[in-house]
Amino acid sequence: MSDAFAVVPAPLVVQPLPLQPFVITRSTIVVVDADDDLMPIAVLTADLLGRVTGRAVEIRYAELDAAGVVRMRLVEDLPPGPETYRVVVGAGRVRLEARTTEGLVHAVVTLRQLVRERPDGGVEIDAVRIEDSPRYPWRGLSVDVARHFVSVPDLKVVIGLMGHYKLNVLHLHLTDDQAWRLDLPSRPELVRRSSAHSVDGDPGGHYSAADWDEILAYARARAIRVVPEIDVPGHVNAALHAYRELNPDGEPAAEYLGIDVGFSRLSDDLPATHEFLADVFGDLADMTPGGYLHIGGDEVLTMGHEEYERLVRAASAAVTAHGKRVVAWQEVASVPDLPEGTVVQYWDTRVDPAPFVAAARDGAQILLSPGSRVYLDMKYTPDFPLGLQWAGCVDLRDAYDWEPADLVAGLPPEAVIGVEAALWTETLRTLEDLTTMLLPRLAAVAEVAWSAPGRRDYDDFAARLRRHGRHWDRMGLVWHRSAQGTWDD
Ligand code: TNX
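Residues numbered from 1 in each chain as written. Predicted model: local features only at pLDDT ≥ 70, side-chain atom pairs only at ≥ 80, totals over all residues. Heavy atoms only, no water.

Enquirer: Any chance you could break down the environment of Pro355 for me, citing the residues and the numbers?
Expert: Mapped onto the secondary structure, Pro355 falls in helix α9 (residues 354–361). Residues Pro355 and Ala333, spaced 22 residues apart in sequence, show a C-alpha to C-alpha distance of 5.7 Å. (Helix = DSSP H or I, 4+ residues; strand = E, 2+ residues; numbered from the N terminus.)

Written out as structure tokens, the structure reads:
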């Protein structure tokens, strides 16, 4: 694929057409069927074209199919798949078509990546027909807003980047030893006592119910679902600090702002623990339109296995009681009889995957987040100023050059529901830090999750990504010019 069609992730079919480019001018308009669900997408499109041309672009309803029109509509004559879409550019028209609004959002994103600025300052799109559909239905990014708080405006930048690379699941790690970041009506002390700080005493914060709705709406407009995580039964010091009755001695735990893991825990034999689990997952279910809640389950180093099993069961039951499905880190694979449809998230490539493979054979769905590939909090290179290194260094090519179906020996490929990158924030304080770690690697993970193996080639990817570097610069984003990429000077 040439740089002219620098779409990332690589679409299934890109067919250049022998027609004149579509030139975006003052008279370009967006035309859409009179359908309430389509209007937000039409607005997104008009906004995008407006930014490119520097003037407002009009939206009109249906009827006309004239020249200079970007026409978007829902259609049925597409290959199967809920996210399938088609973009056809040529003969003075652009057609964006999909079966669902999610598909249409993908079409708009692809269109945006196709827009080229000519040397004379004009803006055009080369004639092309693109038909596209993702490999995996779950293409995620997990963001740790507990270790360092991420404000709503900063989170929107991250969500915007996710949308630009067709990622569709934002997993928010909302609680940990250091802090609790979402206000829950039944447990007001959580954010009141445990959200003021971040790691090292840096400033903290939390999301109010109104902030939460804003995040959900911003994500939904970009075809992104939110999967919130409350991490139990370990990583709970913030809760033990806020509610004294969760501690066996009845004394509130001290605030913790370091970056050690594995020391805090709930106690199965305290009745308060079970009330707490029912309350927090009940509130979370009420506040979350999506079908999944993440219960954590990772790195509980101070508890016997039986107690761990009982607490994972209790948390899972609190989730399923509200009609939601459970997501949990790979450690829960050791718990027998997980609820039907549980998603188990693989992360630690250092441990024996046998229990994990067994859980998959038993029907669990598998989400792949191998630390050595998609932990975007790992350093790019040993001397990189930000990030950790426990899973090794992850440079651009490491994030790109792996095959999900071959990652874990013995894992049935059909059990894999998708791929999720993770951004832990022990060392990340600012939006610039976040974007430095995300870009360019997020684009690599997105292509692994979206594009079929036969469509993936590192050199081709790196060539396409060059144009994305220009785009990030234009957006004023701080990013890392990995030595493994090819960038403008
Ligand atoms: C492991 S991944 C953790 C997190 C850390 C991360 C740092 C996982 C389930 N647990 O608590 O933040 O490593 O890379």
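That covers the picture; the talk isn't over yet.
Enquirer: Talk me through the pairing of strand β5 (residues 69–74); I want residue IDs and the actual numbers.
Expert: Note: strand β3 (residues 29–32) against β5, 4 bridges, orientation parallel. Directly across from Val31, in β5, lies its bridge partner Arg71. As judged from the 6 bridges shared by β5 and strand β7 (residues 93–98), these two strands associate in the parallel manner. Looking at β7, one finds that Arg71 is bridged to Arg95. (Pairing = 2+ DSSP bridges.)

Enquirer: Pulling in residues and values, what's your account of the packing of helix α3 (residues 152–164) against helix α5 (residues 209–220)?
Expert: Closest axis-to-axis distance for the α3/α5 pair is 10 Å, and the angle between their directions is 15°. Overall, the two elements α3 and α5 adopt an arrangement that is roughly parallel. In the crossing of α3 with α5, the sense of the turn from one axis to the other is right-handed. Between α3, through Val152, Leu155, Lys156, Ile159 and Gly160, and α5, the contact on the second element is made entirely by Asp211, Glu214, Ile215, Tyr218 and Ala219. Classifying every residue of the contact of α3 with α5 gives 6 nonpolar, 1 polar and 3 charged. (Axes fitted to C-alpha atoms, helices over the stretch in contact; angles between N-to-C directions. Parallel < 35°, antiparallel > 145°, perpendicular 65-115°, else oblique. Left-handed = near helix turned anticlockwise from the far one by under 90°. Contact = heavy atoms within 4.5 Å. Nonpolar A, V, L, I, M, F, W, Y, C, P; charged D, E, K, R; others polar.)

Enquirer: Describe in detail the site of the ligand, supporting the description with residues and values.
Expert: In the region of the ligand, 13 residues are neighbours, and Arg147, Tyr375, Asp377, Trp390 and Glu426 sit closest. Measuring from an oxygen atom of the ligand, one finds a side-chain N or O atom of Arg147 at 2.8 Å. Between Glu299 and the ligand, the recorded distance is 3.1 Å, taken from a side-chain N or O atom to a nitrogen atom. Calculation on the ligand without its partners gives an accessible area of 360 Å², and the protein chains cover 97% of this total. Classifying every residue of the shell around the ligand by side-chain character gives 7 nonpolar, 1 polar and 5 charged. (Near = heavy atom within 4 Å. Polar contact = N/O pair within 3.5 Å; in protein donor to acceptor, adjacent residues only side chain to side chain. Areas by Shrake-Rupley, 256 points an atom, 1.4 Å probe, with all protein chains shown as cover.)

Enquirer: Tell me about the domain arrangement of the protein, residues and numbers included.
Expert: The domain architecture assigned to the protein consists of domain 1 (3–132) and domain 2 (138–474). A separation of 33 Å is found between the C-alpha centroids of domain 1 and domain 2. Counting from both sides, the interface comprises 25 residues of domain 1 and, opposite them, 23 residues of domain 2. When the two sides are added together, the surface that domain 1 and domain 2 hide from each other amounts to roughly 2,000 Å², 56% of it contributed by carbon and sulfur. Across the contact surface, domain 1 and domain 2 share 1 salt bridge. Linking domain 1 with domain 2 are 11 residue pairs in polar contact (both at pLDDT 80 or more). Considering each element in turn, the side of domain 1 that touches domain 2 owes the most residues, 8 residues, to helix α2 (residues 101–114). Its residues placed into classes, the side of domain 1 that touches domain 2 shows 16 nonpolar, 3 polar and 6 charged. (Domains from an automatic or database assignment. Buried area = accessible area lost by both parts, 1.4 Å probe. Salt bridge = Lys/Arg side-chain N within 4 Å of Asp/Glu carboxyl O.)

Enquirer: Now, about the packing of α3 against helix α12 (residues 431–438): what can you tell me, with residues and values included?
Expert: The relative placement of two packed helices comes down to the angle between their axes together with the axis-to-axis distance. Running from amino to carboxyl end, α3 crosses α12 at an angle of 15°, the nearest separation of the two axes being 10 Å. Classed by the angle they form, the pair α3 and α12 counts as roughly parallel. Crossing of α3 against α12: the hand is right-handed. Contacts from Asp154, Val157, Val158 and Leu161 of α3 reach α12 at Leu431, Leu434, Thr435 and Leu438. Partitioned by chemical class, the residues of the contact of α3 with α12 number 6 nonpolar, 1 polar and 1 charged.

Enquirer: So, empty space enclosed by the protein: which residues are in play, and what are the values?
Expert: Where empty space is left becomes clear once a probe the size of a water molecule has been rolled over the atoms. All chains considered together, the criterion is met by 1 cavity of 30 Å³ or more. Estimates place the volume of the largest cavity at around 40 Å³. Taken together, Asp177, Gln178, Ala179, Arg193, Ser194, Asn237, Ala238, His241, Glu255 and Tyr256 form the lining of the largest cavity. Counting residues per element, the ones that place at least two in the lining of the largest cavity are α4 (189–194) and α6 (237–242). Residue composition of the lining of the largest cavity, by class: 3 nonpolar, 4 polar and 3 charged. (1 Å grid on protein atoms, 1.4 Å probe; cavity = no way out; pocket = protein on both sides within 12 Å on 5 of 7 lines; lining within 4 Å. Points joined across faces, edges and corners; volume = space filled by probe spheres on them.)

Enquirer: Would you mind going over α3 in detail, with residue names and values included?
Expert: Because the α-helix completes a turn every 3.6 residues, residues three or four places apart line up on one side. Over its 13 residues, α3 runs 18 Å from end to end, which matches the ideal 18 Å to within 8%, given 1.5 Å per residue. Listed in full, the buried residues belonging to α3 are Val152, Leu155, Val158, Ile159, Leu161, Met162, Gly163 and His164. Following α3 by one or two positions, Lys166 adopts a phi angle in the positive range, close to 60°. (Expected span 1.5 Å × (residues − 1). Buried < 20%, exposed > 50% of the residue type's maximum accessible area, 1.4 Å probe, protein only.)

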